[in-house]
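What follows is the residue order along each chain.
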Amino acid sequence: MTLERRRGFLRRLGLLFGAPLVWFAHFALIYGGAALGGVLGVAPAILAASAWAATLAASAAIVIMLLRIEARRSQVEDDDVDRALHDMAKALGVLSLVAVLLQAIVLAIVPF
C-alpha cells in the first residue's frame, strides 16, 4: 500500500468519524467528570459550568466540521463514492450534534 493511498484512507476515516469522536469525548467528559467530581467533592456549580462549557465546545466543533464537510463536498468531482462519503459524514455529524444537545437537556433537568 502506498503512502498516498494510506493518507486517502485515513482522511476518509477522519471525515466519517470526526463528529462521532467529538460526541464520544463529550459524553465521557460530562459523565466521567460528574462522577469523578462528585467523588472528589467538587462544588456542583463548578461541575455544571464545566459541563455547559464542554457542551458549547463540542457543539461548536461539530458545527465547524459540518461546515467544512459541506464546503468540501462542493469541491468533490463527479465521483459518486466521494459524494456518498460526504453525505454519510454529514449525517453522522448531524446525529452527533443531536446527541450532544440531548445530553445538554439532561444537564438542565438533573440537579448536581
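Cut-off values and rules
Residues numbered from 1 in each chain as written. Predicted model: local features only at pLDDT ≥ 70, side-chain atom pairs only at ≥ 80, totals over all residues. Heavy atoms only, no water. Helix = DSSP H or I, 4+ residues; strand = E, 2+ residues; numbered from the N terminus. Expected span 1.5 Å × (residues − 1). Buried < 20%, exposed > 50% of the residue type's maximum accessible area, 1.4 Å probe, protein only. Polar contact = N/O pair within 3.5 Å; in protein donor to acceptor, adjacent residues only side chain to side chain. Contact = heavy atoms within 4.5 Å. Salt bridge = Lys/Arg side-chain N within 4 Å of Asp/Glu carboxyl O. Phe/Tyr/Trp six-rings, centres within 6.5 Å; stacked < 30°, edge-to-face > 60°.

Q: Tell me about helix α3 (residues 80–109), residues and numbers included.
A: For α3, spanning 30 residues, the distance from its first C-alpha to its last is 44 Å, which sits close to the expected 44 Å at 1.5 Å a residue. Residues D82, L85, H86, A89, G93, S96, L97, A99, V100, Q103, A104 and L107 constitute the buried set of α3.

Q: Would you mind going over helix α2 (residues 44–75) in detail, with residue names and values included?
A: An ideal rise of 1.5 Å per residue puts 46 Å on 32 residues; α2 measures up with 47 Å between its terminal C-alpha atoms. The set of residues buried in α2 consists of L47, A51, A54, T55, A58, S59, I62, L66 and I69.

Q: Which residues make up the side chain of Q103, and what values do they have?
A: For Q103, the position within the fold is in helix α3. Exposure remark for Q103: the relative accessible area of 7% places this residue in the buried category. A polar contact of 2.8 Å, which involves the side chain of Q103, links it to the side chain of W23. Excluding residues within four positions of it along the chain, Q103 makes contact with W23, H26, F27, I30 and Y31.

Q: Pulling in residues and values, what's your account of the pattern of salt bridges?
A: For the structure on display, the rule yields one salt bridge. Here K90 and E70 are joined by a salt bridge, their closest N and O atoms 2.8 Å apart. Note that K90 is positioned in helix α3 and E70 in helix α2, a separation of 20 residues in sequence. Exposure remark for K90: the relative accessible area of 34% places this residue in the partly exposed category.

Q: Give me the lowdown on the packing of aromatic side chains, citing residues and values where you can.
A: Tallying each qualifying case throughout the model produces two aromatic pairs. With a centroid separation of 5.9 Å and an interplanar angle of 40 degrees, the aromatic rings of W23 and F27 are classed as tilted. In this pair, W23 and F27 both sit in helix α1 (residues 3–40), four residues apart, roughly one turn of the helix. For F27, a relative accessible area of 37% gives the class partly exposed. Between F27 and Y31, the ring centres sit 4.9 Å apart and the planes meet at 55 degrees, which makes this aromatic pair tilted.

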